[in-house]
Amino acid sequence: MDGELRCGGVRAADLAERFGTPLYVYDIRRIEDRIQAFQKAFAGIDHLLAYSVKANGNLSILRRLAALGCGADITSAGELYRARKAGIPAEHIVFAGVGKTEPEMVYALREGIYAFNVESAGELERLDAVASRLGLRARFAVRVNPDVLSPTPHEYTATGHAATKFGVPLEDAAELYRWAARRRNLEARGVDVHIGSQIVDPEPYLTALEAVLRLVSVLRTEGVPLSYLDLGGGYGISYDAGPELNVEALAQAVVPRVREAGLSLVVEPGRSVVGDAGILLTRVEYVKRAGKTFVIVDGGMSDLIRPSHYGGYHAVERVDTRIPRRTEAVDVVGPLCETGDFLARDRPLDVPEAGELLAVRTVGAYGFSMASNYNARRRPAECMVDGDRVTLVRRRETLDDLVRGEENLDGAGVSEAGEDR
Ligand SMILES: Cc1ncc(COP(=O)(O)O)c(C=O)c1O
């Protein structure tokens, strides 16, 4: 606007000054707008917006989503703990993942979650055994793998085709429901499908939907009544001015089909809720010219791994553009000891000077949630902007945080196998 980047109503430079860098900044109003857009798009059907916690599990964000009536899609005991702590009702939580452990099942059953999204026959058998032992009934959906290869930017983000570990092959799913129908502690409640992430074309969703609806009607004729269909998440956003998924158009195609089938709907958006509401502020430490120009910043792959893990693209820009600089193709790299430690490669950028701030865009999803302590780096702080109000929503880790759990272990009160909820 005036040559200085703002987040909500706040100067980005002020946030960096106050909280240090690298720093995640989330615009909560943007997140709330996205939720309202989803709610409006799916208003024509009884639906549950189960926000996918893996995208960004910050408690303050989850609390705001809970207040808007969101449920949660979780993938671990830790995400269940976060969701419940944030006030998301257990009966609005669905639990996906191919490797659910017994303690995770016990925890989720005791909480009374809406449904387990079951990903194999072995998991269903284990769920039955655990529920029987507890004298509880486990509500579940089978996560069907419809063998739809949806175009995603990287092979690691496609999950709905036969070569991935996810879900139960469509042709095997009915048998699992038949088996469960004979078990007292299992209650088939719905059917689930999730075909991948960062999908911008509605077509693969519609192909998967039709496959799943055919399964629902076969099961109905056999007396297995299902009440909901879970379409998963994966709704693509724009990282580079490219197309994003038109959620409204998708809803217009999906809602009548699901309603006709007499089902309610669950959707599990993650990235499309939080992705473009986040930026990462990082400060330039050095500009090194060694054949190539390297802009070395204080944030790296331990803070944001998407570029090196998936080839994820994030726009990078100077926070203060009032002083013009010469544009060059540069690599924006972090301080970690890995060649793969980069945030952008061969990117035209107005070459900053040491000490300047850069903003890495569209990092609200799979940014902090994939951050690590590699190279014994302290994970960054996160703050939230609400108009011109600013809140620190996670403090920067300290050196003591890094060694917590490695010292004074005698009589620590936690079983050697870890914490059991
Ligand atoms: C089962 C399931 N649901 C929802 C999501 C959320 O996907 P996205 O963040 O792309 O919307 C994922 C992501 O991996 C997932 O595995």
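### Section: the overall build of the protein chain
Scanning the protein chain from terminus to terminus reveals 12 helices and 20 strands. The C-alpha atoms of the protein chain give 23 Å as radius of gyration, which agrees with the globular expectation for 421 residues (22 Å, within 12%). Each principal axis of the C-alpha atoms in the protein chain carries an extent, and together these give about 70 × 55 × 40 Å. Taking all 421 residues of the protein chain together, the buried fraction comes to 53%. Nonlocal contacts in the protein chain, meaning residues at least 24 apart in sequence, comprise 70% of its contacts between residues at least 6 apart. Surface accessibility of the protein chain: about 18,700 Å² in total, with carbon and sulfur atoms responsible for 48%. Side chains of the protein chain give 52 positive and 61 negative charges; the mean places of these two sets differ by 2 Å.

### Brief notes about the site of the ligand
Around the ligand, the surrounding shell holds 15 residues, and the nearest of these are S197, G234, E268, R271 and Y366. At a separation of 3.5 Å, an oxygen atom of the ligand approaches a polar side-chain atom of K54. Protein coverage of the free-state accessible area of the ligand, which is 390 Å², stands at 92%. Broken down by class, the residue content of the shell around the ligand amounts to 4 nonpolar, 6 polar and 5 charged.

### Description of the nonpolar core
In terms of nonpolar packing, the biggest core is built from 102 residues, with F116, F140, L229, L231 and V332 touching the most fellow members. Looking at this core, the element that brings in the most residues is helix α8 (residues 203-221), giving 9 residues. A domain-level breakdown of this core finds at least three residues from each of domain 1 (6-24 + 275-402) and domain 2 (28-272). Once you skip the residues sitting within four places of it in the chain, F116 turns out to touch F95, K100, M105, A108, L109, L127, A138, R139, F140 and A141. One finds A16, F19, L281 and V390 within the second-largest nonpolar core, a separate group that totals 18 residues.

### Some thoughts on the domain arrangement of the protein chain
Each domain of the protein chain was delimited in the assignment, giving domain 1 (6-24 + 275-402) and domain 2 (28-272). Placing the centre of domain 1 and that of domain 2 at their C-alpha centroids yields a distance of 32 Å. Taken as a group, Y310, Y366 and M384 account for 28% of the area that domain 1 buries against domain 2, more than any other trio of residues on that side. Our count for the contact surface shared by domain 1 and domain 2 stands at 3 salt bridges. Between D386 and R29 there is a salt bridge; the shortest N-O distance is 2.7 Å. Counting every contact that joins domain 1 to domain 2 gives 11 residue pairs in polar contact (both at pLDDT 80 or more). Where the side of domain 1 that touches domain 2 is concerned, the elements lending two or more residues are α11 (306-310), β19 (381-386) and β20 (389-394). Across the side of domain 1 that touches domain 2, the residue classes break down as 9 nonpolar, 9 polar and 5 charged.

### Some points on helix α4 (residues 77-85)
Of all the residues in α4, the buried ones are E79, L80 and A83. When α4 is viewed along its axis, its buried side chains cluster within an angular range of 105° and face the same direction. On its buried face, α4 is in contact with α3 (59-67), β5 (71-74), β6 (93-95) and α5 (102-111). With its phi angle positive at about 95°, G87 sits one or two positions after the end of α4.

### A closer look at helix α7 (residues 170-181)
Residues A173, A174, L176, Y177 and A180 constitute the buried set of α7. Buried residues of α7, seen end-on, are gathered within an arc of 160° and therefore sit on one face of the element. In this structure, the buried residues of α7 make contact with α6 (121-134), β8 (138-145), β9 (168-169), β10 (186-192) and α8.

### A few points about the pairing of strand β4 (residues 47-52)
The two faces of the sheet receive side chains in turn, since in a regular strand these alternate between them. With respect to burial, β4 is a largely interior element, 5 of its 6 residues being buried. Two elements, β4 and strand β12 (residues 264-267), share 3 bridges in a ladder whose sense is parallel. Within β12, the position partnered with H47 by the bridge is L265. Handedness of the crossover joining β4 and β5 through α3 is recorded here as right-handed.

### Describing the environment of F342
Looking at the element boundaries, F342 is found in strand β17 (residues 342-350). Judged by its relative accessible area of 10%, F342 falls in the buried class. Along the primary structure F342 and E244 are separated by 98 residues, whereas in three dimensions their C-alpha atoms are 25 Å apart. F342 has contacts with P307, S308, V332 and V333, leaving out every residue within four places of it along the chain.

### Details of the side chain of S264
Assignment of secondary structure puts S264 in strand β12. The buried category is assigned to S264, whose relative accessible area is 14%. Non-local contacts of S264, meaning those with residues more than four positions away in its chain, are made with D46, Y114, S227, Y228, L229 and V258.

### Details of unusual backbone geometry
Glycine aside, residues mostly have negative phi, and peptide bonds are mostly found in the trans state. In this structure, P22 follows T21 across a cis peptide bond, with omega equal to -10°. Within the element layout of this structure, P22 appears in the loop between α1 (12-19) and β3 (23-27).

### What about the packing of aromatic side chains?
Using the criterion set out here, one finds 8 aromatic pairs in the structure. Measuring from ring centre to ring centre gives 5.0 Å for Y114 and Y228, while their planes differ by 45°; the resulting arrangement is tilted. You can see Y114 sitting in the loop between α5 and β7 (115-118) and its partner Y228 sitting in strand β11 (residues 228-230), a full 114 residues away along the chain. Across this residue pair, the class does not change: Y114 and Y228 are buried. Through a chain of ring-to-ring contacts, three or more aromatic side chains come together here, namely F38, F42, Y205 and Y235. Sitting above the plane of the F95 ring, K100 keeps its charged end 5.5 Å from the centroid. R345 extends its terminal NZ or CZ atom over the ring of F342, reaching a point 4.1 Å from the ring centre.

Parameters and conventions
Residues numbered from 1 in each chain as written. Predicted model: local features only at pLDDT ≥ 70, side-chain atom pairs only at ≥ 80, totals over all residues. Heavy atoms only, no water. Helix = DSSP H or I, 4+ residues; strand = E, 2+ residues; numbered from the N terminus. Rg over C-alpha atoms; globule rule 2.2 N^0.38 Å. Buried < 20%, exposed > 50% of the residue type's maximum accessible area, 1.4 Å probe, protein only. Contact = heavy atoms within 4.5 Å. Areas by Shrake-Rupley, 256 points an atom, 1.4 Å probe, with all protein chains shown as cover. Lys, Arg positive; Asp, Glu negative; His and termini not counted. Charge placed at Lys NZ, Arg CZ, Asp CG, Glu CD. Near = heavy atom within 4 Å. Polar contact = N/O pair within 3.5 Å; in protein donor to acceptor, adjacent residues only side chain to side chain. Nonpolar A, V, L, I, M, F, W, Y, C, P; charged D, E, K, R; others polar. Core = buried A, V, L, I, M, F, W, Y, C linked by side-chain atoms within 4.5 Å. Domains from an automatic or database assignment. Buried area = accessible area lost by both parts, 1.4 Å probe. Salt bridge = Lys/Arg side-chain N within 4 Å of Asp/Glu carboxyl O. Arc of directions from axis to C-beta. Pairing = 2+ DSSP bridges. Right-handed = clockwise from strand over helix to strand, strands pointing away. Phe/Tyr/Trp six-rings, centres within 6.5 Å; stacked < 30°, edge-to-face > 60°. Lys NZ or Arg CZ within 6 Å of the ring centre and 35° of its normal.

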